[in-house]
Amino acid sequence: MLDLPRARDRMVNIHVGRRGIHDREILQAMREVPREAFVEPGFEEFAYEDTPLPIADGQTISQPYIVAFMIEMADVKPGDHVLEIGTGSGYAAAVMSRIVEQVYTIERHPGLAEAAKRRFEKLGYQNIEVRTGDGTKGWPQAAPFDAIVVTASGPGAPLALQEQLDVGSRLVIPVGDDPDLQRLLKVTRTGAATYSEEDFGGVRFVPLIGEQGWSENGTATDVGRPLRHPHPISLPDMIAAAAEPLPDFDDPAFGALFDRFADRRIVLLGEASHGTSEFYRARAAITRRLIERHGFTIVAVEADWPDAAAIDRYVRHRRPRTGTGAPFLRFPTWMWRNTDVAAFTDWMRRHNEKLEPSAQAGFYGLDIYNMSGSIGAVLDYLDRVDPQAAKIARERYGCLTPWQHDPSTYGRAVLTAGYQKCEKAVLEQCRDLLAKQLEYAKRDGTDFLDASQNARLIASAEHYYRIMYYGGAESWNLRDTHMFETLEHLLHAGGPNAKAVVWAHNSHIGDARFTEMGVVRDE
Ligand code: SAM
């Protein structure tokens, strides 16, 4: 069952409040208006995602945050008379109607205007007047307005709308001729014939089509008073200013450019798309340099531990584990089962050939998804070092057997159908194995590290799949914490001088305090 009031509250707190909208009246109005009543049938479950959604006539209901942002920019207050151009679903008008005295809203598509009217009637919102027509000409009979909000983007701010502002009143409008990026402007009438203008940055809206907007074929009609369009420095410009030219990565001079990171304990090599072949080769060239010249011995990647462990055995000339399938057969196989990774691991193997085991470079996985592989690895290890303990571990991990091949169904079964929770069993198993570290590791420290990491992974994965069912940030944070702790264990096992190169998505290694992940989603 969808808990829409809860989702609405969450949307207001997280997507609106935490992104800097603090106006209590706007937040309260958004808590009151049921956005699910304004989306198309079938889209209700997405009503509280912070995203625009399609509505009839090829139009959109705007993203909740942008609705709040525009209303805040328009600085609407109780008692105000407000004009909206672009009724669409009616949602923004409904939100404003909970704050001001009267909302006038114009929509060019009659079907949308009628549907919005019906929604307002059903919800008992009586202070909204809807009209079908060209909103670029405004609503002269009801002017002047305390604020005008335009929810479609025009070539400029229509003169008619500017003239229908009271002195001191605000017009908020997206403008620009790029269909993918416009600027959000606030025009304030400062006197009988004077206006000031502020730019609130990049936005994306459907076009404002009308006499003082765009024509149906996309050309500008009568733009009205010309506006200054300041061009702030763009993201590509900022990247260009920070970028340094690199030689081809097969050129020895390429690796030398990364010597500046030689003294770091951890070098994080991120990416946003899992990369192209060129990216994989560049990353390998940087890593080779750090291993060869600067004493890095840990390559820790966003891959599952037991799968990476098979590669680690290969690159360090250890015997393969028997009875296990080939690694990296799970989606996305192309991420690690590709020729560029193979070339890199072959290089690692050659590099390690003449080195003492303690000086060899290893290949490790930080991720938690291959729970069944880890269960197999722990049992295999205990069968060899402590058959009695293996028997107990088999019983404990047996709890997870029904879910091993589709662990994502485990959380749902436990939480909704009352299946036995396996938390206690997997934690006890992990604790027992770690308690025997001194005894077990005497035989082979590397094997013990592998087994203990697998036992940790099973405990993390059990928890992960259980809370994943709820969605939200908790499961993401658990997975990231597991990856971070795995890196810590690797560094700890490698001793005080151990140095690591990490290959992972930016979402794991970037600083979430500066992205929506952290600021908005608590990740
Ligand atoms: N405020 C709407 C909501 O909350 O659902 C979202 C509006 S949608 C982004 C923009 C709307 O502007 C579309 O429905 C489009 O048909 C309308 N529109 C475009 N040009 C218009 C014009 N000249 N007059 C009135 N409506 C217009």
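Residues numbered from 1 in each chain as written. Predicted model: local features only at pLDDT ≥ 70, side-chain atom pairs only at ≥ 80, totals over all residues. Heavy atoms only, no water.

S.K.: Looking at this structure, how should I read the site of the ligand?
M.R.: Near the ligand there are 28 residues, and of these E84, S89, E107, G135 and I209 occur at the shortest range. In this structure, a nitrogen atom belonging to the ligand sits 3.0 Å away from a main-chain N or O atom of G86. Side-chain polar atom of D134 to a nitrogen atom of the ligand: 3.1 Å apart, as the coordinates give it. Contributing elements (two or more residues each) for the shell around the ligand: β2 (60–61), β3 (81–85), α4 (91–97) and β4 (102–107). In terms of residue class, the shell around the ligand is built from 11 nonpolar, 13 polar and four charged. (Near = heavy atom within 4 Å. Polar contact = N/O pair within 3.5 Å; in protein donor to acceptor, adjacent residues only side chain to side chain. Helix = DSSP H or I, 4+ residues; strand = E, 2+ residues; numbered from the N terminus. Nonpolar A, V, L, I, M, F, W, Y, C, P; charged D, E, K, R; others polar.)

S.K.: When you look at helix α13 (residues 371–385) in this model, what are you seeing that I'm missing?
M.R.: In an α-helix there are 3.6 residues to a turn, and that puts residues three or four apart on one side. In this model α13 runs 21 Å from its N-terminal to its C-terminal C-alpha over 15 residues, within 8% of the 21 Å that 1.5 Å per residue would give. Buried within α13 we find M371, S374, I375, A377, V378, L379, D380, Y381, L382 and V385. Summarising the contacts, the buried residues of α13 are in contact with α10 (305–315), α14 (387–398), α16 (423–435), α17 (437–441) and α18 (445–468). (Expected span 1.5 Å × (residues − 1). Buried < 20%, exposed > 50% of the residue type's maximum accessible area, 1.4 Å probe, protein only. Contact = heavy atoms within 4.5 Å.)

S.K.: I'm lost on the sheet that holds strand β12 (residues 362–367) in this one. Help?
M.R.: Sheet strands line up and pair through hydrogen bonds in the backbone, either parallel or antiparallel. Spatial ordering of the open sheet is given by β10-β13-β11-β12, a layout of four strands whose pairing is parallel. Two strands close off the open sheet at either side, each with one partner strand: β10 (266–271) and β12. Sheet twist, expressed as the average angle between the axes of neighbouring strands with direction ignored, equals 30°. Bridge count for strand β11 (residues 298–304) against strand β13 (residues 500–505) is four bridges, and the pairing is parallel. Bridging across to β13, V299 finds its partner in V501. Its contacts with the sheet place α10 against β11 and β12, and it is angled at close to 180° to β12. The sheet contacts of helix α19 (residues 473–494) involve β10, β11, β12 and β13, and relative to β12 the element is tilted by about 155°. (Pairing = 2+ DSSP bridges. Axes fitted to C-alpha atoms, helices over the stretch in contact; angles between N-to-C directions.)

S.K.: Mind showing me how you'd approach a nonpolar patch on the surface here?
M.R.: Where nonpolar side chains cluster on the molecular surface, the patch consists of L235, M238 and I239 and spans about 310 Å² of accessible area. Locating L235 in the fold gives a position in helix α7 (residues 235–242). (Patch = residues over 30% accessible without salt bridge, like charges linked within 9 Å, V, L, I, M, F, W, Y side chains within 5 Å. Areas by Shrake-Rupley, 256 points an atom, 1.4 Å probe, with all protein chains shown as cover. Salt bridge = Lys/Arg side-chain N within 4 Å of Asp/Glu carboxyl O.)

S.K.: Just checking my understanding: could you explain the domain arrangement of the protein for this structure?
M.R.: Interface size, as often reported, equals the accessible area lost upon joining of the parts. In terms of domains, the protein is made up of domain 1 (4–238), domain 2 (247–366 + 499–523) and domain 3 (368–495). Computed over C-alpha atoms, the centres of domain 2 and domain 3 are 23 Å apart. Taken together, the 27 residues of domain 2 in the interface contact 28 residues of domain 3. Between domain 2 and domain 3, a total of about 2,300 Å² is buried, with carbon and sulfur atoms accounting for 60% of that surface. Our count for the contact surface shared by domain 2 and domain 3 stands at five salt bridges. Here D447 ties to R318 by a salt bridge, and the two come within 2.9 Å at their closest N and O atoms. At the junction of domain 2 with domain 3, the criterion picks out 12 residue pairs in polar contact (both at pLDDT 80 or more). Secondary-structure elements contributing two or more residues to the side of domain 2 that touches domain 3 are β11, α10, β12, β13 and α20 (506–509). Along the lines of polarity and charge, the residues of the side of domain 2 that touches domain 3 split into 11 nonpolar, three polar and 13 charged. (Domains from an automatic or database assignment. Buried area = accessible area lost by both parts, 1.4 Å probe.)

S.K.: I would appreciate a short explanation of the pairing of β4 in the present structure.
M.R.: The two faces of a sheet get side chains in turn, since along a regular strand they alternate between them. β4 sits mainly inside the fold: six of its six residues count as buried. Burial of β4 is two-sided: the residues Q102, Y104 and I106 facing one way and the residues V103, T105 and E107 facing the other way are all buried. In terms of handedness, the path from β3 via α4 over to β4 forms a crossover that is right-handed. Relative to strand β5 (residues 128–132), β4 is paired through five bridges, and the arrangement is parallel. The residue of β5 that forms the bridge with I106 is R131. Handedness of the crossover joining β4 and β5 through helix α5 (residues 110–123) is recorded here as right-handed. (Right-handed = clockwise from strand over helix to strand, strands pointing away.)

S.K.: Explain the state of the cysteines to me, please; I cannot follow it from the model alone.
M.R.: A disulfide bridge is the covalent bond that connects two cysteines by way of their sulfur atoms. Per the stated rule, a full pass over the model turns up one disulfide. The residue that forms a disulfide with C399 is C422, at a sulfur-sulfur distance of 2.0 Å. Residues C399 and C422 are joined through a disulfide that is left-handed, its torsion about the S-S bond being -80°. Remark: C422 occurs in the loop between α15 (408–417) and α16 and C399 occurs in the loop between α14 and α15; sequence separation between them is 23 residues. Here the two residues C399 and C422 agree in accessibility, since each one is buried. Here C430 is not cross-linked by a disulfide; its sulfur's nearest cysteine counterpart is in C422, at 15 Å. (Disulfide = S-S within 2.5 Å.)

S.K.: Any chance you could explain the pattern of salt bridges here in plain terms?
M.R.: Opposite charge on two side chains makes pairing possible when the charged atoms of those side chains draw close. For the coordinates displayed, the defined rule picks out 32 salt bridges. D75 serves as the salt-bridge partner of K77, at 3.9 Å between the closest nitrogen and oxygen. The shortest N-O distance in the salt bridge between K421 and E423 comes to 3.2 Å. What makes K421 partly exposed here is its relative accessible area of 43%. On the basis of relative accessible area, E423 is assigned to the partly exposed category, the value being 25%.

S.K.: Would you take a moment to explain the sheet that holds strand β7 (residues 165–178) for this structure?
M.R.: Strands sit in the order β5-β4-β3-β6-β7-β8-β9 across an open sheet of seven strands; the sheet is mixed. Sheet topology places β5 and β9 (195–203) at the edges, where each strand pairs with a single neighbour. Sheet twist, expressed as the average angle between the axes of neighbouring strands with direction ignored, equals 15°. The sheet contact formed by β7 and strand β8 (residues 181–189) spans seven bridges and is antiparallel. Bridging from a neighbouring strand, R170 pairs with T188 of β8.

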